[in-house]
Structure formats: structure tokens, C-alpha cells
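Fold and geometry: a report
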Amino acid sequence: MSAQEFFYYSLGAGTIVLIAVILLVAVQVVATLRIIRKVLTDVKSTTKDVIEVKEGIKMGIAGLIGYILKTLRRGGEAHV
């Protein structure tokens, strides 16, 4: 085997290893992006739930304030 043959065999083997590494990195990037998409979907869902709870609390407080004002307006008696 001459030096030139050895060079070409080494070059071929190196190319195959390089392609394998690039494919491995691509697969890992895709898996990571899928995980990120799932986390962002969960965060979006959680944010929506928190906003709904916040709006419910606002409505509850507004109802309580309205009830208190109505009670005070009627002289302290609760007329429901």
C-alpha cells in the first residue's frame, strides 16, 4: 500500500466519521427542539390557567365589594 492509497483510505474513513457526527448532532438538535416545543406548550397552557384564576379572583373581589357596598347602602342589613 502506497502513501497515496493510505491517504485516500484515511480521507474516506474521516469523511464517513464526519458525516456520522453531523447526523448525530442533527438528531440531538431535533430531539432538543421537540422538548423545547413541549415545554413552551406547557408554559402557554399554565399561563392561560393563571390568567383565568386571576380573572376569577378579580370577579370575586368585585362581587364582594359590590355586596359590601349594597349592604352599607341599606343601613347595614343584608338584603340578599
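Before any of the text, the structure's been laid out above.
I will try to describe carefully the structure that is included in this document. (Residues numbered from 1 in each chain as written. Predicted model: local features only at pLDDT ≥ 70, side-chain atom pairs only at ≥ 80, totals over all residues. Heavy atoms only, no water.)

Here we take up the overall build of the chain. A tally of helices and strands in the chain yields 1 helix and 0 strands. At 34 Å, the chain has a C-alpha radius of gyration far larger than the 12 Å of a compact globule built from 80 residues. Counting only C-alpha atoms, the chain reaches 110 × 15 × 5 Å along its principal axes. Relative to its full complement of 80 residues, the chain shows a buried share of 1%. Summed over all atoms, the accessible surface of the chain reaches about 7,300 Å², with 72% contributed by carbon and sulfur. (Helix = DSSP H or I, 4+ residues; strand = E, 2+ residues; numbered from the N terminus. Rg over C-alpha atoms; globule rule 2.2 N^0.38 Å. Buried < 20%, exposed > 50% of the residue type's maximum accessible area, 1.4 Å probe, protein only. Areas by Shrake-Rupley, 256 points an atom, 1.4 Å probe, with all protein chains shown as cover.)

Pairing is possible between side chains of opposite charge, provided their charged atoms come close. Per the stated rule, a full pass over the model turns up 1 salt bridge. A salt bridge links E55 to K58, with the shortest nitrogen-to-oxygen separation between them at 3.5 Å. Here K58 and E55 lie together in helix α1 (residues 3–73), a separation of 3 residues that amounts to about one turn. For K58, a relative accessible area of 46% corresponds to the partly exposed category. (Salt bridge = Lys/Arg side-chain N within 4 Å of Asp/Glu carboxyl O.)

Right, let's get into the environment of A26. In this structure, A26 sits in helix α1. Note on A26: relative accessible area 38%, which makes it partly exposed. Along the chain, A26 and M59 lie 33 residues apart, while their C-alpha atoms are 49 Å from each other.

The subject of this paragraph is a nonpolar patch on the surface. A grouping of V53, I57, I61, L64, I65, Y67, I68, L69 and L72 is seen on the molecular surface, where their side chains present a nonpolar patch of about 860 Å² in accessible area. Checked against the element boundaries, L64 lands in helix α1. (Patch = residues over 30% accessible without salt bridge, like charges linked within 9 Å, V, L, I, M, F, W, Y side chains within 5 Å.)

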